[in-house]
Amino acid sequence: MNQTTDVLISGAGPTGLSLACQLIRHGIDFVILDKKEGVTPYSKAIGVQARTLEIYEQLDLAGRAVAEGTIAEKARLLAEGEVRAEIDFSQIGKGFSAYPFVLMLEQSKNEKLLYEYMQAHGQEVLWNTELVSLTQSDLNVTARVKTSAGDETQTIEAKYLAGCDGPRSLVRHSLGLEFSGSTFERMFYVADAQVDWQFTHDALHVCLAKESFAVFFPLKGEKRYRIVGVFPEEFAKAEGDVLYEEIEQRTRQLTHFELDIHDVEWFSTYKVHTRHASRFSAGRCFLAGDAAHIHSPAGAQGMNTGIQDAYNLAWKLASVLQNHADQNLLETYNEERLENAKNLLRTTDRIFQFVAGDEWWLALLRTNILPPIGSYLLGLDSVRGFIFPLVSQTGINYRHSSLSHHAGDEDFKVKAGDRMPYFVFEGSSIYDRLREPKFHLLAFSNDEDERQALQANVEGEHAGSIDFHGFQLDEQSRELFGADRPFIVFLRPDNYIAFISNKFSFFEVENYRRRTLIG
């Protein structure tokens, strides 16, 4: 049996499912397949960042995610059997996002949320179905797939294909793209279990040691934790040969506390790899998630980055398929997300080296210097203003992108390519007004006639593809944007700024569309 579709998605992990959900929002036909039987039963990734929750909000999933997860409001730093410091996270993201925290929610539950969204919209994953090969022409991609029930192959023809099929991606191999990087040679372990010990279940616990570390992440449920740790350098077993008893013994050595680990749900061992593909696209095929980049678990970035890959790619595919933009727009997916991946790998590698490196000076910093100053530093607005955007991914920008037009943004605090700044308007987040999957024009002016004239132009020419929002130029907007006179902000469908200008004219929008989208 042969099928045709607009977009074929290979892989139904968090990235593939996210892409499917976004295509549903945009009204794009797709087929998604995976050789697994269903969503993963394992917890795997657990950190959900603010930017991901902002994306979930557009699917009406953010509230459910927060309700099903656990917010880590503080961290206890432990060393040599003592509590060295307690760091308050509760205010770390205040003013930056409606979700000023890191949410602990297992990958399995994220996948379930996304999959249920798909099903609620009449879509299904082709489970037990594997991509075998692909070819592409100037017009389409032809994929050969087979089910686990037999060897008979089927053909799916799509206008575009997205490889969300993990680090061993068949799509990436088929495209002949390099996947270069490095491997951290020490063995890491992870286990989900209940822990009885002297500490309350309301904090992230970081056990710092001279040569290593162990971290206890609180999960939903009484006494449930994700435990992550590292074996010493001389530990030479292969990944599949490590026994759980060895993991528990190592954890006890690292913590120096009396504890009882029981009701183990899942455990695994792994080596940390940092790699990225040489390109994230080739012809009509794209890579996203672990198929495009893998990196250390530092900062809980991996799953969130894949979800952002999907969010970036979806609106561009939709714009081209619905004839709102030239096909050249798709080149900006590689342009924007590859740069982000390179930056991310550098950042996570530095963080990871700090927490896992065995050099004497790193051990000194971890165990003796960081604990007493960590709480003080996070109390400083300047430090919070640096750390939260970095970790939460709200600080990711596309300032270097060809989609970001900087003419006129010199005098503004925010620039073309930045995420739309978060602020509260009439009691609710600005993002509540930006849920429609289209471009948005925001006009800030105290002249109501001026705003209405601009709104009439938008609704007369592009009511189906551009949303209009008018705001008073009040003290909040002046401070946030660094503006002292009326201005407009043109937002992409992913709520990144295409341009910002004091030229209060619809011509600015039309000029951007002609130069950038239509070509």
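The structure we're discussing is the one just above.
Here the structure is a predicted model, which is why all the values come from computation and not from measurement. (Residues numbered from 1 in each chain as written. Predicted model: local features only at pLDDT ≥ 70, side-chain atom pairs only at ≥ 80, totals over all residues. Heavy atoms only, no water.)

(A) Examining the overall build of the protein more closely. Scanning the protein from N- to C-terminus turns up 13 helices and 24 strands. Sorting the 519 residues of the protein into buried and exposed places 56% on the buried side. Excluding contacts between residues fewer than 6 apart, the proportion of contacts in the protein whose partners are at least 24 apart in sequence is 70%. Summed over all atoms, the accessible surface of the protein reaches about 21,800 Å², with 49% contributed by carbon and sulfur. (Helix = DSSP H or I, 4+ residues; strand = E, 2+ residues; numbered from the N terminus. Buried < 20%, exposed > 50% of the residue type's maximum accessible area, 1.4 Å probe, protein only. Contact = heavy atoms within 4.5 Å. Areas by Shrake-Rupley, 256 points an atom, 1.4 Å probe, with all protein chains shown as cover.)

(B) Up close: the pairing of strand E5 (residues 74-79). The element E5 is extensively covered by neighbouring structure, given that 5 of its 6 residues are classed as buried. Here E5 runs beside strand E6 (residues 82-88); their pairing, made up of 6 bridges, is antiparallel. The partner of Arg76 across the bridge, within E6, is Glu86. Where E5 folds back onto E6 in an antiparallel hairpin, the turn is made up of 2 residues, including Glu80, whose phi is positive at roughly 50°. (Pairing = 2+ DSSP bridges.)

(C) Looking closely at the pairing of strand E22 (residues 466-471). For E22, the buried fraction is high: 5 of the 6 residues fall into the buried class. Following the backbone out of strand E21 (residues 439-444), through helix H11 (residues 448-461) and into the adjacent parallel E22, one traces a crossover that is right-handed. (Right-handed = clockwise from strand over helix to strand, strands pointing away.)

(D) A look at the sheet that holds strand E3 (residues 47-48). Taken together, 3 strands build an open sheet; the order of strands is E3-E7-E4 and the sheet is antiparallel. Both edges of this open sheet fall to E3 and strand E4 (70-71), since each of them pairs with a single strand only. Of the strand pairs in this sheet, E3 and strand E7 (residues 103-104) are connected by 2 bridges, and their pairing is antiparallel. Looking at E7, one finds that Val48 is bridged to Leu103.

(E) Looking closely at helix H4 (residues 107-120). Relative to the 20 Å expected for 14 residues at 1.5 Å per residue, H4 spans 20 Å between its end C-alpha atoms, a close match to the ideal helical length. Of the positions making up H4, those classed as buried are Gln107, Ser108, Asn110, Glu111, Leu113, Leu114, Tyr115, Tyr117 and Met118. On its buried side, H4 packs onto helix H1 (14-26), strand E2 (30-33), E3, helix H2 (50-57), helix H3 (62-68) and helix H7 (302-321). Downstream of H4 by a residue or two, Gly122 has a phi angle that is positive, lying close to 75°. (Expected span 1.5 Å × (residues − 1).)

(F) Broad picture of the nonpolar core. Core analysis: the biggest nonpolar cluster contains 116 residues, and Ile9, Leu19, Phe30, Ile32, Met118, Leu441 and Phe490 have the highest contact counts within it. Apart from the residues within four sequence positions on either side, Ile32 is in contact with Ile9, Gly11, Ala12, Gly16, Leu17, Ala20, Met118, Glu124, Val125 and Leu126. One finds Leu78, Phe199, Ala214 and Phe216 within the second-largest nonpolar core, a separate group that totals 21 residues. (Core = buried A, V, L, I, M, F, W, Y, C linked by side-chain atoms within 4.5 Å.)

(G) Just unusual backbone geometry, in detail. Not every positive phi belongs to a glycine, and Lys223 is a case in point at roughly 65°. You will see that His256, though not glycine, has its phi angle at about 60°, which is positive.

(H) Broad picture of the packing of aromatic side chains. All chains considered together, the criterion is met by 27 aromatic pairs. On the basis of an interplanar angle of 35° and a centroid distance of 4.6 Å, the ring pair of Trp197 and Phe216 is categorised as tilted. Taken together, the residues span a long stretch of sequence, with Trp197 in the loop between strand E11 (179-196) and strand E12 (204-208) and Phe216 in strand E13 (residues 213-218) at a distance of 19 residues. Classification of Phe216 as buried rests on a relative accessible area of 0%. Three or more aromatic residues link up through ring pairs in this structure, and these residues are Phe412, Phe423, Phe425, Phe444, Phe471, Phe481 and Phe487. When the ring centre of Phe179 is taken as reference, the NZ or CZ atom of Arg172 above it lies at 3.7 Å. (Phe/Tyr/Trp six-rings, centres within 6.5 Å; stacked < 30°, edge-to-face > 60°. Lys NZ or Arg CZ within 6 Å of the ring centre and 35° of its normal.)

(I) Structural context of the sheet that holds strand E23 (residues 487-491). If you walk across this open sheet you meet the 4 strands as E22-E21-E23-E24, and the pairing is mixed. With partners counted over all chains shown, the strands left at the sheet margins are E22 and strand E24 (497-501), one partner each. When the angles between neighbouring strand axes are averaged without regard to direction, this sheet yields 15°. Sheet topology places E23 next to E24; 4 bridges connect them, and they run antiparallel. Bridge pairing in E24 places Ile488 opposite Ser501. Together, E21, E22, E23 and E24 form the strand contacts of helix H13 (residues 506-518), whose direction differs from that of E24 by roughly 145°. (Axes fitted to C-alpha atoms, helices over the stretch in contact; angles between N-to-C directions.)

(J) Examining the packing of H2 against H7 more closely. Packing of H2 against H7 brings their axes to within 9 Å, and their N-to-C directions diverge by 45°. The angle between H2 and H7 falls in the class oblique. Like other packed secondary-structure pairs, H2 and H7 cross with a definite hand, here left-handed. Contacts between H2 and H7 involve Arg51, Thr52, Ile55 and Tyr56 on the former and, on the latter, Asn304, Ile307, Gln308 and Tyr311. (Parallel < 35°, antiparallel > 145°, perpendicular 65-115°, else oblique. Left-handed = near helix turned anticlockwise from the far one by under 90°.)

(K) How the structure looks around H1. Spanning 13 residues, H1 covers 18 Å between terminal C-alpha atoms, matching the ideal 18 Å at 1.5 Å per step. With 13 of 13 residues buried, H1 is to be regarded as a mostly interior element. Downstream of H1 by a residue or two, Gly27 has a phi angle that is positive, lying close to 75°.

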